[in-house]
Amino acid sequence: MLDALTIAISAAALALAAWCGFAAYRDQPTKDWHFIGMAVVTLLTVVQLIVGIVRLAQGQEADQGTTIFVSYLLGAFACVPVSGFLSLAERTRWGSATVAAGGVVLAVLEVRLYDIWGG
Amino acid sequence: MATPEKAGESGSGGEAAEAPRRRNRLISGPGTLLLWVYGVMVVGAVSRSAVQISTEFDHAPLAYSLSALAGLVYGFITYSLVRGGEKARRAALVCCVAELVGVLTVGTWTLADKAAFPDATVWSDYGMGYLFIPVLLPLTALWWLRRPRPDAD
């Protein structure tokens, strides 16, 4: 479940990055649809956070330690919303580029999470 | 996240009420992206070194201290970018030079004397573990901050 979720989020994050990157390329700010996309990705990371914590509560352990695992879960959760807020303040192509960068960062975090959990 | 209103409020006192006199913003346009990447590096470097120093400092004291130092430098530059204004721009510029020198020094050091680094730092091998962002970031920031803003007060 956790691994499937990690892979799904990586894919969704890269798709979001490509989508917002395309908007930046076309010189457009982030629009409602982009924010819906960000909401979907964020929702997935919330589910991941909950599943991860439930797993820990059930007594399973992350390969590289609980602290690191939980901080990466929190980082993954915060990543896209924060870049989304930045794009709200910057209504140009550069706001879109920031969300695109946020998607890439999230994808990298997911790869690390996979290793930390011990996929 | 500094909204324009916030940036204007701090420091300019009473006259801000009538005509919002803002510090020239350093995070408009491409600066937003720069701020985001610096923010990510702050969280990355600070939390990483905090965990490593608190749990296994003796394993690689030099590496972990250097990571913490990198985190501090990133933190200061991020703060300067958010704060805005000519003074902050100059301060950030100096820190970017320090950052670049740091990355190049530590990068060379880790390659030359691997024995001194049982574990990696943020700046090991010129930041290879971070997709070379530690080396590219100061260059980008130096370019972005290279001259005073036209609307400087």
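Residues numbered from 1 in each chain as written. Chains lettered and ligands numbered in written order. Predicted model: local features only at pLDDT ≥ 70, side-chain atom pairs only at ≥ 80, totals over all residues. Heavy atoms only, no water.

Focus on the packing of aromatic side chains
A full pass over the atoms with the stated rule returns five aromatic pairs over all chains. With a centroid separation of 4.9 Å and 35 degrees between ring planes, the pair formed by A:Phe69 and A:Trp117 is classed as tilted. In this pair, A:Phe69 sits in helix α3 (residues 66–89) while A:Trp117 sits in helix α4 (residues 93–117), placing the two residues 48 residues apart along the sequence. On the accessibility criterion, A:Phe69 (1% relative accessible area) is buried. The class of A:Trp117 is buried, set by a relative accessible area of 11%. Taking the centre distance of 5.9 Å and the plane angle of 55 degrees together, the rings of B:Tyr38 and B:Tyr74 count as tilted. Placement of the pair is B:Tyr38 in helix α3 (residues 30–56) and B:Tyr74 in helix α4 (residues 61–83), with a sequence separation of 36 residues. Both residues of the pair, B:Tyr38 and B:Tyr74, belong to the buried class. Ring pairs connect the aromatic residues B:Tyr38, B:Tyr74 and B:Trp123, which therefore count as one cluster. (Phe/Tyr/Trp six-rings, centres within 6.5 Å; stacked < 30°, edge-to-face > 60°. Helix = DSSP H or I, 4+ residues; strand = E, 2+ residues; numbered from the N terminus. Buried < 20%, exposed > 50% of the residue type's maximum accessible area, 1.4 Å probe, protein only.)

Some details on the UniProt feature "transmembrane region" (unreviewed entry) in chain A
Under the feature "transmembrane region" (unreviewed entry), the UniProt entry names residues 33–57, 69–88 and 94–114 of chain A. Between the C-alpha atoms that bound residues 33–57 of chain A the distance is 36 Å, and the span itself is 100% helix and 0% strand. (UniProt positions renumbered as here; feature names shortened; annotations may be inferred.)

Remarks on the interface of chain B and chain A
The extent of an interface is frequently quoted as the accessible surface area lost upon association of the parts. Taken together, the contact between chain B and chain A spans 11 residues of the former and 13 residues of the latter. Each partner contributes to the roughly 1200 Å² buried at the junction of chain B and chain A, and carbon and sulfur atoms together form 83% of this total. Applying the counting rule to chain B against chain A returns three residue pairs in polar contact (both at pLDDT 80 or more). Split by residue class, the side of chain B that touches chain A holds eight nonpolar, three polar and no charged. (Contact = heavy atoms within 4.5 Å. Buried area = accessible area lost by both parts, 1.4 Å probe. Polar contact = N/O pair within 3.5 Å; in protein donor to acceptor, adjacent residues only side chain to side chain. Nonpolar A, V, L, I, M, F, W, Y, C, P; charged D, E, K, R; others polar.)

Details of the nonpolar core
Ranked by size, the top nonpolar core spans 60 residues in total, and within it A:Phe69, A:Leu106, B:Tyr38, B:Tyr74 and B:Leu81 carry the most contacts. Counting only elements with at least two residues in this core, the list comes to α1 (2–25), α2 (32–57), α3 and α4 of chain A together with α3, α4, α5 (86–112) and α6 (133–144) of chain B. By residue number, the principal contributor to this core is α4(A), which donates nine residues. Each residue touching A:Leu106, except ones within four places of it in the same chain, is listed here: A:Ile9, A:Ala13, A:Val41, A:Thr45, A:Ala76, A:Cys79 and A:Val80. (Core = buried A, V, L, I, M, F, W, Y, C linked by side-chain atoms within 4.5 Å.)

Examining unusual backbone geometry
Glycine aside, the phi torsion of most residues is negative, and most peptide linkages are trans. Residue and element names in this part refer to chain B. Look at aspartate 125: it is not a glycine, yet its phi comes out positive at around 50 degrees. Phi at phenylalanine 132 takes a positive value of approximately 65 degrees, unusual for a residue other than glycine. Note on placement: phenylalanine 132 falls in the loop between α5 and α6. Residue phenylalanine 132 is classed as partly exposed on the basis of its relative accessible area of 36%.

Remarks on the state of the cysteines
Residues and elements named next belong to chain A. A full pass over the atoms with the stated rule returns zero disulfides over all chains. Of all cysteine sulfurs, the one in cysteine 79 lies closest to cysteine 20, which takes part in no disulfide; the gap is 12 Å. A relative accessible area of 5% means that cysteine 79 is categorised as buried. (Disulfide = S-S within 2.5 Å.)

Topic: a nonpolar patch on the surface
A surface patch of nonpolar side chains, about 350 Å² in accessible area, is lined by A:Leu14, A:Val104, A:Val108 and B:Leu131. With respect to the helices and strands, B:Leu131 occurs in the loop between α5 and α6. Given the relative accessible area of 58%, B:Leu131 is considered exposed. (Patch = residues over 30% accessible without salt bridge, like charges linked within 9 Å, V, L, I, M, F, W, Y side chains within 5 Å. Areas by Shrake-Rupley, 256 points an atom, 1.4 Å probe, with all protein chains shown as cover. Salt bridge = Lys/Arg side-chain N within 4 Å of Asp/Glu carboxyl O.)

Notes on the side chain of A:Gln48
Residue and element names in this part refer to chain A. The topology assignment puts glutamine 48 in helix α2. Of the residues examined, glutamine 48 reaches a relative accessible area of 2% and is grouped as buried. The residues touching glutamine 48, leaving out its near neighbours within four places in the chain, are Leu2, Leu5, Thr6, Ile9, Leu73, Ala76, Glu110 and Leu113.

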